[in-house]
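The chain contents come next:
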Amino acid sequence: MEEAGRRRRRVDLHTHTTASDGQLRPAELVALAAQRGVAVLGVTDHDTTAGLDEAVTAGQRVGIEIVPGIELSTAVEAGEVHILGYFIDFHDRPLQEALRSFQERRIERARAMVSRLQALGIRIAFDDVLALAGGGTISRAHLARLITERGYTSSLEEAFARYLARGRPAYVPHERPTPVEAVQLVQAAGGAAVLAHPHTASDLARLLPELIAAGLAGLEAWYGEYSEDQRRSLVELAEVHGLIPTGGSDYHGEGFREGRELGSVDVPPESVERLRRAASRTGR
Ligand code: AMP
Ligand code: MN
Ligand code: MN
Ligand code: MN
């Protein structure tokens, strides 16, 4: 047991809800976070802010701070570059217009991926995907869930490895903003931009200076799946570049992927305050 006076304000700045490919509704996520001793929770759904109103209201009810966030997918030839936005003004018009177009492209892409899966003998219908996504951002995670639930694969991991990962037969790329455009979109909405899970970027040495020039504020260092060594060296990398080290579990639901338990990271509250200040310097 922790002594009361010493209890840390747990901080988890990277989580998903049913507004994208998370398994809990925003209010359920917030309730679970409160149970796990999280005092500051960043809600960062893929390409949407649709869960934020509910999360903020639930946060007020249970007494935890919700950092309004987003995780933007970007166009890169190799690897995955995701840009997190924190303390965004999520009712910002231009932001919502951009998000609407990302959603439309995701729907078209999911339709194309379902056709490919059907051609491979996997009998799932596009309507099933829409129903599972429940009006939220459609991602490959939804396809993986259906493929696995119908018994074609025995895990989400296997569904990606066999069908959905880049280079696999059902993979379809989609148009997205460049990483620099994503940073700019976050800033224009008054937020602080952070590079998510930096090790999925295939050429970090080239990407980072470009993002910094565009106004990147932080680097995700305490990431659910990263080892202590990886976290430490990312904190150092952030310091070298004058970036704010941030962190989060990337929670999507129970049993989603190892290391992604809600509240499993140890982010100093100082990082939240630095993000808040960085965000207050951007936008209109
Ligand atoms: P998308 O944004 O449609 O390209 O889908 C990417 C999403 O799929 C990520 O946000 C993860 O939730 C999920 N994902 C990607 N790779 C894997 C994997 N190997 N195993 C499980 N989920 C994955
Ligand atoms: Mn996801
Ligand atoms: Mn991501
Ligand atoms: Mn994420």
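That block above? That's the structure.
The structure presented is a predicted model; accordingly, all values stated were derived computationally and were not measured.

J.: Account for the overall build of the chain, naming residues and giving values.
T.: Scanning the chain for helices and strands turns up 10 helices and seven strands. In summary, the chain has a C-alpha radius of gyration of 18 Å against a globular reference of 19 Å for 284 residues, a match within 12%. With the C-alpha coordinates aligned to their principal axes, the bounding extent of the chain is approximately 55 × 45 × 40 Å. Considering the chain as a whole, with its 284 residues, one finds that 54% of them fall into the buried category. Here the contacts in the chain between residues at least 6 apart in sequence split such that 71% fall between residues at least 24 apart. Here the chain displays about 12,800 Å² of accessible surface, and carbon together with sulfur accounts for 49% of that area. For the chain, the centre of its 33 positive side-chain charges and the centre of its 40 negative side-chain charges are spaced 1 Å apart.

J.: Outline the coordination of the manganese ion (ligand 2), supporting the account with residue identities and numerical values.
T.: Geometry reference: four tetrahedral donors at a metal, ideal angle 109.5 degrees. Six octahedral donors, ideal angles 90 or 180 degrees. Bound to the manganese ion (ligand 2) on the protein side are Asp21 (OD), Asp21 (OD), His46 (NE2) and His252 (NE2), at distances that span 2.2 to 2.8 Å. Considering all six donor atoms around the manganese ion (ligand 2), the spread of angles at the metal, 51 to 149°, places the coordination shape in the irregular class. In terms of primary sequence, the donors binding the manganese ion (ligand 2) are separated according to D-x24-H-x205-H. Between the two metal centres, the manganese ion (ligand 2) and the manganese ion (ligand 4), the spacing is 5.0 Å. You can see His46 sitting in the loop between β2 (38-43) and α2 (52-62) and its partner His252 sitting in the loop between β7 (244-248) and α10 (269-280), a full 206 residues away along the chain.

J.: Describe in detail the coordination of the manganese ion (ligand 3), supporting the description with residues and values.
T.: Looking at the manganese ion (ligand 3), the protein donor atoms are Glu71 (OE), His82 (ND1) and His197 (NE2), and they sit 2.1 to 2.3 Å from it. When the donor residues of the manganese ion (ligand 3) are listed from N- to C-terminus, their spacing reads E-x10-H-x114-H. A separation of 3.6 Å is found between the manganese ion (ligand 3) and the manganese ion (ligand 4), which are bridged by Glu71. Here His82, found in strand β4 (residues 82-86), pairs with His197, found in the loop between β5 (192-195) and α8 (204-214); they are 115 residues apart in sequence, far enough to count as distant. Judged by relative accessible area, His197 falls into the buried class, the value being 6%.

J.: Any chance you could break down the side chain of Arg145 for me, citing the residues and the numbers?
T.: Position of Arg145 relative to the elements: it lies in helix α5 (residues 140-149). It turns out Arg145 is buried and unbridged, and the closest side chain with the opposite charge, Glu149, is 5.4 Å from it. In contact with Arg145, other than residues within four places in its own chain, are Asp21, Gly22, Gln23, Leu132 and Leu156.

J.: Tell me about the environment of Leu195, residues and numbers included.
T.: Within the element layout of this structure, Leu195 appears in strand β5. Considered as a pair, Leu195 and Val183 are 12 residues apart in the sequence and their alpha carbons are 8.9 Å apart. For Leu195, the residues in contact, after removing those within four places along its chain, are Val81, His82, Ile83, Leu204, Leu207, Leu208, Leu211, Leu216, Gly218, Leu219 and Glu220.

J.: Would you mind going over the site of ligand 1 in detail, with residue names and values included?
T.: In the region of ligand 1, 13 residues are neighbours, and Asp21, His46, Arg109, Arg140 and Glu157 sit closest. Within the side chain of Arg109, a nitrogen or oxygen atom sits 2.7 Å from an oxygen atom of ligand 1. Within the side chain of His252, one N or O atom sits 3.2 Å away from an oxygen atom of ligand 1. Protein burial of ligand 1: of its 500 Å² of free accessible surface, 88% is covered by the chains. Elements with a contribution of two residues or more to the shell around ligand 1: α3 (93-119), α5 and α6 (156-164). The residue inventory of the shell around ligand 1, partitioned by class, reads three nonpolar, three polar and seven charged.

About the criteria used
- Residues numbered from 1 in each chain as written.
- Chains lettered and ligands numbered in written order.
- Predicted model: local features only at pLDDT ≥ 70, side-chain atom pairs only at ≥ 80, totals over all residues.
- Heavy atoms only, no water.
- Helix = DSSP H or I, 4+ residues; strand = E, 2+ residues; numbered from the N terminus.
- Rg over C-alpha atoms; globule rule 2.2 N^0.38 Å.
- Buried < 20%, exposed > 50% of the residue type's maximum accessible area, 1.4 Å probe, protein only.
- Contact = heavy atoms within 4.5 Å.
- Areas by Shrake-Rupley, 256 points an atom, 1.4 Å probe, with all protein chains shown as cover.
- Lys, Arg positive; Asp, Glu negative; His and termini not counted.
- Charge placed at Lys NZ, Arg CZ, Asp CG, Glu CD.
- Donors = N, O, S within 2.8 Å, 3.2 Å for Na, K, Ca; no water.
- Tetrahedral: all angles 85-135°; square planar, octahedral: opposite > 155°, others 65-115°.
- Salt bridge = Lys/Arg side-chain N within 4 Å of Asp/Glu carboxyl O.
- Near = heavy atom within 4 Å.
- Polar contact = N/O pair within 3.5 Å; in protein donor to acceptor, adjacent residues only side chain to side chain.
- Nonpolar A, V, L, I, M, F, W, Y, C, P; charged D, E, K, R; others polar.

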